[in-house]
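So the chains spell out like this:
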Amino acid sequence: MPAPLSEPEPLRVLVEALRALPGVGVRTARRMAYHLLQHNPQAAVQLGAALQGAVEGLQHCQQCHSFSQEPVCPVCRDAERDASLLCVVESPADQQVIESSHGYDGLYYVLMGRLAPLEGVGPEQVRFAELRARATDGVVREVILATSFTAEGETTAYYLADMLRAQGLKVSRLARGVPSGSELEYVDAGTLAWALMERRGT
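Residues numbered from 1 in each chain as written. Predicted model: local features only at pLDDT ≥ 70, side-chain atom pairs only at ≥ 80, totals over all residues. Heavy atoms only, no water.

## Brief notes about the overall build of the protein
- Counting secondary structure elements, the protein contains 8 helices and 6 strands.
- Listed N to C, the secondary structure of the protein is α-α-α-β-β-α-β-α-β-α-β-α-β-α in terms of helices and strands.
- Here the protein has a C-alpha radius of gyration of 22 Å; the compact-globule value for 202 residues is 17 Å, and the former is much larger.
- When the backbone C-alpha atoms are referred to their principal axes, the protein occupies close to 75 × 50 × 35 Å.
- Taken over 202 residues, the protein has a buried fraction of 30%. (Helix = DSSP H or I, 4+ residues; strand = E, 2+ residues; numbered from the N terminus. Rg over C-alpha atoms; globule rule 2.2 N^0.38 Å. Buried < 20%, exposed > 50% of the residue type's maximum accessible area, 1.4 Å probe, protein only.)

Shown next as C-alpha cells:
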C-alpha cells in the first residue's frame, strides 16, 4: 500500500503560519494556502511583503500604546482633540471602531489585551501601571472604559475603575442597550436586561 501523500515543507510551514489567525483551523488554513499558491501567487508574495513591512515599520505610540509609524501617533499629536478625555480600549481595532463613529474627540490608551487570569494575563501584562501614569498626568479629567462586554472585558473594567477612582479621576463606562434601528423581538435577553437597567428619561 503506497504511503500517504505528505505536504512539502514550505507548504506545511505556510499552513501553520495561517493558523495563527483568529478563528482559522487546519482545514481553513490549508484552503487559504492552496488558493494563494494555485490561483494568485503574486498576491501571496504581496501578502508576505506587507506583513513584513508592517512588523518592521510599526511601533507602539509612546503615549497611547497603539500602532504608529512614529514615536507619537497623529491622534496623540492632534492639538484639537480634548486631552481631558481618555478612552481605554483593548486593541487598536477597537480604537478604529470608535474613531469611525465620529462621536468622540478625546485621546486613547490601548491596553493591547485584557485581564484573563486563567490564561496568565494579569495587570502587568496589560500595563495597568503605565495607564495609571498616563491618566494621572494632570490633564486627564475623565477616563472612559470601552473594554468589551465579555467576562474578561468586564473584569478589566471593574479593576481599572477601582484603580483610577482611587486616583481621584472620574471614570465612566460605555452604555449598554438596544442597538439603534433594531426591533425588540430580535434583541437578545441579556442586552434587553441591560437596556432596562440603564434606562434614562426622555
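Read on, since the account is not over.
## Quick word on the sheet that holds strand 6 (residues 170-173)
- Taking strand neighbours across the sheet as the criterion, the 4 strands line up as 4-3-5-6 in an open arrangement whose pairing is parallel. Each edge of the open sheet carries a strand with a single partner, namely strand 4 (106-110) and strand 6. Adjacent strand axes in the sheet meet at a mean angle of 25°, parallel and antiparallel pairs treated alike.
- Bridge count for strand 5 (residues 142-145) against strand 6 is 4 bridges, and the pairing is parallel. Each bridged residue has a counterpart across the sheet, and for Ile144 the counterpart in strand 6 is Ser172. (Pairing = 2+ DSSP bridges. Axes fitted to C-alpha atoms, helices over the stretch in contact; angles between N-to-C directions.)

## Here we look at the pattern of salt bridges
- For the structure shown, the criterion picks out 11 salt bridges.
- Here Glu130 and Arg127 are joined by a salt bridge, their closest N and O atoms 3.8 Å apart.
- Residue Arg176 pairs with Glu154 through a salt bridge whose shortest N-O separation is 2.4 Å. Here Arg176 is found in the loop between strand 6 and helix 8 (189-197), whereas its partner Glu154 is found in helix 7 (residues 151-165), with 22 residues between them in sequence.
- Because the salt bridges share partners, they merge into one network encompassing Glu154, Arg173 and Arg176. (Salt bridge = Lys/Arg side-chain N within 4 Å of Asp/Glu carboxyl O.)

## Thoughts on helix 1 (residues 9-18)
- For helix 1, the complete set of buried residues consists of Leu11, Val15 and Leu18. Projected down its long axis, helix 1 shows its buried positions confined to an angular sector of 65°, all on one face.
- Residues of helix 1 that are buried make contact with helix 2 (26-39). (Arc of directions from axis to C-beta. Contact = heavy atoms within 4.5 Å.)

Purely geometric numbers; function is a separate question.
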